[in-house]
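What follows is the residue order along each chain.
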Amino acid sequence: MGQKTNPIVNRLGIIIGWQSSWCNNYKERLKEDFEVRSYIEARLPKGIISRVFIERTLKFITITIRTSRPALVIGKGGEEVDTIRKELKKLTKKEVQINISEVKRPELDAILVTKNLSKQLENRISYKKSIKLSILSAMRMNAYGIKIQISGRLNGSEMARCETYKEGRISLGTFRADVDYYMDVAHTVYGSIGIKVWIMKGEIYGKKDLSHFIEIQKKPRSNFYRRKK
């Protein structure tokens, strides 16, 4: 019996906050969140959306979209984001405000890395080449470690298999470790191929900070492997 847990869920309330903030009408809110996120993913180009944060009041919804390509989300003169706001207003029947947050280092975002790999596999690019380039890009941006696991009929082989590529350190058992994780499926001509990505960005110390956009205090990289006396 496996003892695996999602690294994001395992750190909720410790170093990571919730992507949606509400406390009543669980069934309705959960369904509405799913519809909002599904609409945004379908409306915008694939592979540019990292996360969607939703904050609610009684008659108002604030949606923050984290993306690596803010220009595509905003559109010419803000036309695209205005259209999204109007359609979400019809969907939720509430006033909607949309904020755009740029992901300055997409090489360290597990969602963007996973979606990029999925897109490359669907375009019949060699999975080994794509994975090695993703690992090199992440380590060049000073990631503490990265692990990529891929499984399925790789390169069209008759027998499905699972391969894991890792570099650096991934501290899954340390709650203060800032580990980003995502899983996606690439639909190729040979079948579905699963992709999992873990990226460790450092360690968080000090008081609990559940906000998503405030800079958090991290341990310097030079002292990471230094033992305490």
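About the cut-offs
Residues numbered from 1 in each chain as written. Predicted model: local features only at pLDDT ≥ 70, side-chain atom pairs only at ≥ 80, totals over all residues. Heavy atoms only, no water. Helix = DSSP H or I, 4+ residues; strand = E, 2+ residues; numbered from the N terminus. Contact = heavy atoms within 4.5 Å. Pairing = 2+ DSSP bridges. Axes fitted to C-alpha atoms, helices over the stretch in contact; angles between N-to-C directions.

Attention shifts here to the environment of serine 151. Summarising the element assignment, serine 151 is placed in strand 5 (residues 145–152). With 43 residues separating them in the primary sequence, serine 151 and glycine 194 have C-alpha atoms 5.3 Å apart. Leaving out residues up to four positions away in the same chain, serine 151 has contacts with Arg161, Cys162, Ser192, Ile193 and Gly194.

With that settled, the discussion passes to the sheet that holds strand 5. Strands belonging to one sheet form pairs held by backbone hydrogen bonds; the direction of such a pair is parallel or antiparallel. What the 4 strands build is an open sheet, ordered 6-5-8-7; its pairing is antiparallel. With partners counted over all chains shown, the strands left at the sheet margins are strand 6 (161–168) and strand 7 (177–188), one partner each. With direction set aside, neighbouring strand axes in the sheet form an average angle of 10 degrees. Bridging between strand 7 and strand 8 (residues 191–203) involves 11 bridges; their strand directions are antiparallel. Bridge pairing links tyrosine 182 to valine 197 in strand 8. Against the sheet, helix 5 (residues 110–122) contacts strand 5, strand 7 and strand 8, and its axis sits at roughly 20 degrees relative to strand 7. Across the sheet, helix 6 (residues 127–140) lies against strand 5 and strand 6, angled at about 165 degrees from strand 5, the strand it touches most.

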